[in-house]
Amino acid sequence: MESLKANKVDAFLMITRALTIVFSFLFIFPLLGGSQVAYYQKALYSCAATSALRLHQRLPRFEFSRAFFSQMLLEDSSHYLFYALIFSTGYPISVVLMPIFLFAVLHLTTSLRSRLNILGPQSLPLVRRFVTWMESKQQMLLRVIAFNEIFLMPILLIMVFTGKASLLMPFIYYRFLSLRYTSTRNPYCRTVFFELRISVEQLCNHPSFPQFLRNVVVRMISLINRLAPPTMAAAS
């Protein structure tokens, strides 16, 4: 408790992440009653608060300058602040909550590890076991998040045609997906895009795959490649 009092931002981050987990769970499983739309929005608002606090920790003092905003866009927290804001007023989509739920769980687990280390190696063995198990699943969960980020785009396109999403939403989400693709701290979105492309190309090259479908898929891959933003490594 003393360490949390000494660093109030970390304490608030633990609270906002816990709220993201709770509200996401209640949206899927409304055990306490209430409005599912309200739970959905509260989960996204909690995520936005977490992202804003992380930006407060990582960025220098605010300046109304191009350099400051360029630096801000490099931060993963700014990506999910943007994500939370663009979905908080729209039609509730269950898969929208998956990334923020998993990120909250992963980061809260890291925070718990720090607190357990302060308490001592023999403290709360059950919690320590859970934290260790979650840490062993970190890479898998980050890949799940990346898959979710990617496949949310076709879901939004379908929702546009069914009238449940604005025509602008896919274009706005494309900007978010571009930021995730060029992230310098989290390469999983790029990695999963590459793996999906390899898998689809292998499927298309199978002799029994219909030629007309192969042509469609090749054109789609070419379009996606053109839309992919240049990464930092490519730019250098």
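Now for a look at the structure at hand. (Residues numbered from 1 in each chain as written. Predicted model: local features only at pLDDT ≥ 70, side-chain atom pairs only at ≥ 80, totals over all residues. Heavy atoms only, no water.)

Some thoughts on the nonpolar core
Line of reasoning, step 1. Within the largest apolar cluster, 45 residues are counted, with the highest numbers of intra-cluster contacts made by Tyr 83, Phe 87 and Tyr 173.
Line of reasoning, step 2. Taken together, the elements giving at least two residues each to this core come down to α2 (8–28), α3 (36–58), α5 (76–87), α6 (97–119), α8 (138–161), α9 (169–181) and α10 (188–204).
Line of reasoning, step 3. With ten residues, α8 is the largest single contributor of residues to this core.
Line of reasoning, step 4. Not counting the four nearest positions on each side in its chain, Tyr 173 is found in contact with Tyr 83, Ile 86, Phe 87, Asn 148, Glu 149, Leu 152, Met 153 and Leu 156. (Core = buried A, V, L, I, M, F, W, Y, C linked by side-chain atoms within 4.5 Å. Buried < 20%, exposed > 50% of the residue type's maximum accessible area, 1.4 Å probe, protein only. Helix = DSSP H or I, 4+ residues; strand = E, 2+ residues; numbered from the N terminus. Contact = heavy atoms within 4.5 Å.)

Section: α2
Line of reasoning, step 1. Its 21 residues place the ends of α2 31 Å apart at the C-alpha level, agreeing with the 30 Å of an ideal helix rising 1.5 Å per residue.
Line of reasoning, step 2. Those residues of α2 that fall on the buried side of the exposure criterion are Ala 11, Leu 13, Met 14, Thr 16, Arg 17, Thr 20, Ile 21, Phe 23, Ser 24, Leu 26 and Phe 27. (Expected span 1.5 Å × (residues − 1).)

Regarding the side chain of Ser 46
Line of reasoning, step 1. Assignment of secondary structure puts Ser 46 in helix α3.
Line of reasoning, step 2. Judged by relative accessible area, Ser 46 falls into the buried class, the value being 8%.
Line of reasoning, step 3. Within the structure, Ser 46 has its side chain in polar contact with the backbone oxygen of Lys 42 (distance 2.8 Å).
Line of reasoning, step 4. When sequence neighbours within four positions are dropped, the list of residues in contact with Ser 46 reads Thr 16, Leu 19, Thr 20 and Phe 23. (Polar contact = N/O pair within 3.5 Å; in protein donor to acceptor, adjacent residues only side chain to side chain.)

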